[in-house]
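Remarks on the overall topology
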Amino acid sequence: MKEDEYIEQIKSGDEDFETLASRFSDCSSARNGGDLGMFGRGQMQKPFEEASFALKIGEMSGPVFTDSGVHIILRTG
């Protein structure tokens, strides 16, 4: 799964989250380095929301599967 490769590249320091998101994401947030901005509970699909709010600031998720696709989440705030 390519998402696992991206996670390893970020963790190893070979790539950063923003660069990979800009290059490979098909979400409109790609132009912002994957930054979705602030959002609250009830605004995202349930698996994405649960994964996002389970992370501490600075933590990155594993692959998160929603109806929109597969996501890697880096919590920044």
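This text gives an overview of the structure that appears in the document. (Residues numbered from 1 in each chain as written. Predicted model: local features only at pLDDT ≥ 70, side-chain atom pairs only at ≥ 80, totals over all residues. Heavy atoms only, no water.)

Further remarks concern a nonpolar patch on the surface. Side chains of Met1, Phe65 and Val70 sit close together on the surface and give an oily, nonpolar patch of about 290 Å² of accessible area. Relative to the helices and strands, Val70 is located in strand E2 (residues 69-71). (Patch = residues over 30% accessible without salt bridge, like charges linked within 9 Å, V, L, I, M, F, W, Y side chains within 5 Å. Areas by Shrake-Rupley, 256 points an atom, 1.4 Å probe, with all protein chains shown as cover. Salt bridge = Lys/Arg side-chain N within 4 Å of Asp/Glu carboxyl O. Helix = DSSP H or I, 4+ residues; strand = E, 2+ residues; numbered from the N terminus.)

A separate point is the layout of surface pockets. Of the volumes computed, that of the largest pocket is approximately 1100 Å³. Looking at the largest pocket, it is lined by 36 residues, and the ones nearest its centre are Phe17, Gly34, Leu36, Phe48 and Ile72. Every element with two or more residues in the lining of the largest pocket is listed here: helix H1 (2-12), helix H2 (17-24), helix H3 (46-54) and E2. The element contributing the most residues to the lining of the largest pocket is H2, with five residues. When its residues are assigned to classes, the lining of the largest pocket shows 17 nonpolar, 13 polar and six charged. (1 Å grid on protein atoms, 1.4 Å probe; cavity = no way out; pocket = protein on both sides within 12 Å on 5 of 7 lines; lining within 4 Å. Points joined across faces, edges and corners; volume = space filled by probe spheres on them. Nonpolar A, V, L, I, M, F, W, Y, C, P; charged D, E, K, R; others polar.)

Attention now goes to the packing of aromatic side chains. Going through the model one piece at a time under the given rule, you end up with three aromatic pairs. Geometrically, the ring pair formed by Phe39 and Phe48 is tilted, given 6.0 Å between the ring centres and 50° between the ring planes. We classify Phe39 as partly exposed; its relative accessible area is 23%. Phe48 gets classed as buried once you look at its relative accessible area, which sits at 9%. When the ring of Phe39 is compared with that of Phe53, the centres are 6.0 Å apart and the planes differ by 80°; the resulting orientation is edge-to-face. With Phe39 in the loop between H2 and H3 and Phe53 in helix H3, this residue pair connects regions lying 14 residues apart in the sequence. Just above the ring of Phe53 sits the side chain of Arg41; from NZ or CZ to the centre is 4.2 Å. (Phe/Tyr/Trp six-rings, centres within 6.5 Å; stacked < 30°, edge-to-face > 60°. Buried < 20%, exposed > 50% of the residue type's maximum accessible area, 1.4 Å probe, protein only. Lys NZ or Arg CZ within 6 Å of the ring centre and 35° of its normal.)

Bringing the pattern of salt bridges into the picture now. Overall, the coordinates contain one salt bridge when judged by the stated rule. Here Glu15 ties to Arg23 by a salt bridge, and the two come within 3.7 Å at their closest N and O atoms. Given a relative accessible area of 25%, Glu15 falls into the partly exposed group.

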